[in-house]
Amino acid sequence: MATINLLKPLWERLRMRKRIWSLVPAFAALASLVVTAQPANIFGRNAKLGVQPLQGPSGRFNLEYPKKDWQAVPGGGFVLVTLAQKKGEAAIVVEHATLNIALTAADIDDVFAQTEADLVRERQVAATNVTAKLLDVGPRRLILVEFGRPGIKGAERVRQYSFPVGTDLYRLICSSAVAQFTKFEPVFAHVAASFTIVSRTE
């Protein structure tokens, strides 16, 4: 998998923020919310969807996506696979980045969440209303980033799930037209909830 060189300065900035924010814990506490209970439309399986399994390249991850009206398209570079709604109404892009430093559980915090939000702003300069928060789902901790952006067919709403594990960072970037986002939320939530990273023995 590719290593994103851009992440090195971001990680250094994250470490610097930790040192600065340690002096102002009240400010850090306001940076994002840790949500321990999520509505099913944000993160949760949906038995009504009718799904099929997908194993990622090199067997690095597994997920489930709808059998009807969706197709998997091979990726390239940082993009491992794209799940596309056949009418072009929604898409889920699975990205992978290799971090320069292995993350511990303590590193997956509100500062890291805000770093993910900052990266969205840097990569997509037209992004609006970027927010980030932590999700605790059983033993898993992940980051939820939401924002708006202009799309080919008009304004889009995007929900990004970031799964950091050790030196691996997977992102599920789910998008659709603003008017149709609610329609596809159960699909996004199910794919994210079914996403499982396969441990490596390297």
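Residues numbered from 1 in each chain as written. Predicted model: local features only at pLDDT ≥ 70, side-chain atom pairs only at ≥ 80, totals over all residues. Heavy atoms only, no water.

S.K.: Can you lay out the overall build of the protein for me, pointing to particular residues and giving the numbers?
M.R.: Scanning the protein from N- to C-terminus turns up four helices and 10 strands. Across the protein, helices and strands are ordered from the amino to the carboxyl terminus as α-α-β-β-β-β-β-β-α-β-β-β-α-β. By the burial criterion, 48% of the 202 residues in the protein qualify as buried. When the accessible surface of the protein is totalled, it reaches about 10100 Å², and 58% of it is carbon and sulfur. (Helix = DSSP H or I, 4+ residues; strand = E, 2+ residues; numbered from the N terminus. Buried < 20%, exposed > 50% of the residue type's maximum accessible area, 1.4 Å probe, protein only. Areas by Shrake-Rupley, 256 points an atom, 1.4 Å probe, with all protein chains shown as cover.)

S.K.: Please provide a residue-by-residue account of the packing of aromatic side chains, values included.
M.R.: This model, assessed by the stated rule, comprises eight aromatic pairs. When the ring of Phe 181 is compared with that of Phe 188, the centres are 5.4 Å apart and the planes differ by 55°; the resulting orientation is tilted. According to the relative accessible area criterion, Phe 188 is buried, its value standing at 0%. (Phe/Tyr/Trp six-rings, centres within 6.5 Å; stacked < 30°, edge-to-face > 60°.)

S.K.: Pulling in residues and values, what's your account of the pairing of strand S9 (residues 154-177)?
M.R.: Where strand S6 (residues 90-103) meets S9, 10 bridges bridge the pair, whose relative direction is antiparallel. Residue Ala 91 lies in a different strand from S9, and its bridge partner there is Ser 175. The antiparallel hairpin formed by strand S8 (residues 140-151) and S9 contains two residues in its connecting segment. (Pairing = 2+ DSSP bridges.)

S.K.: Go over the sheet that holds strand S10 (residues 196-197) with me, naming the residues and quoting the values.
M.R.: In space, the three strands of this open sheet follow the order S2-S3-S10, with antiparallel pairing throughout. Of all strands in the sheet, those with a lone pairing partner are strand S2 (51-55) and S10, marking the two edges. Of the strand pairs in this sheet, strand S3 (residues 61-66) and S10 are connected by two bridges, and their pairing is antiparallel. Directly across from Asn 62, in S10, lies its bridge partner Thr 196. Strand contacts of helix H4 (residues 181-194): S2, S3 and S10, with the helix running at about 160° to S3, the strand carrying the most contacts. (Contact = heavy atoms within 4.5 Å. Axes fitted to C-alpha atoms, helices over the stretch in contact; angles between N-to-C directions.)

S.K.: Before we move on, could you go through H4 and cite the residues and values that matter?
M.R.: For H4, which comprises 14 residues, the first-to-last C-alpha distance of 19 Å matches the rise-based estimate of 20 Å (1.5 Å per residue) to within 8%. In terms of burial, H4 is largely enclosed, as 11 of its 14 residues are buried. Of all the positions in H4, only Phe 181, Phe 184, Glu 185, Val 187, Phe 188, Ala 189, His 190, Val 191, Ala 192, Ala 193 and Ser 194 are classed as buried. (Expected span 1.5 Å × (residues − 1).)

S.K.: Describe in detail unusual backbone geometry, supporting the description with residues and values.
M.R.: Even without glycine at this site, Ser 58 takes up a positive phi of about 65°. Along the polypeptide, Ser 58 turns up in the loop between S2 and S3. Residue Ser 58 is classed as exposed on the basis of its relative accessible area of 70%. Of note in the backbone geometry, Asp 69 takes a positive phi value of approximately 70° without being a glycine. Note on placement: Asp 69 falls in the loop between S3 and strand S4 (70-76).

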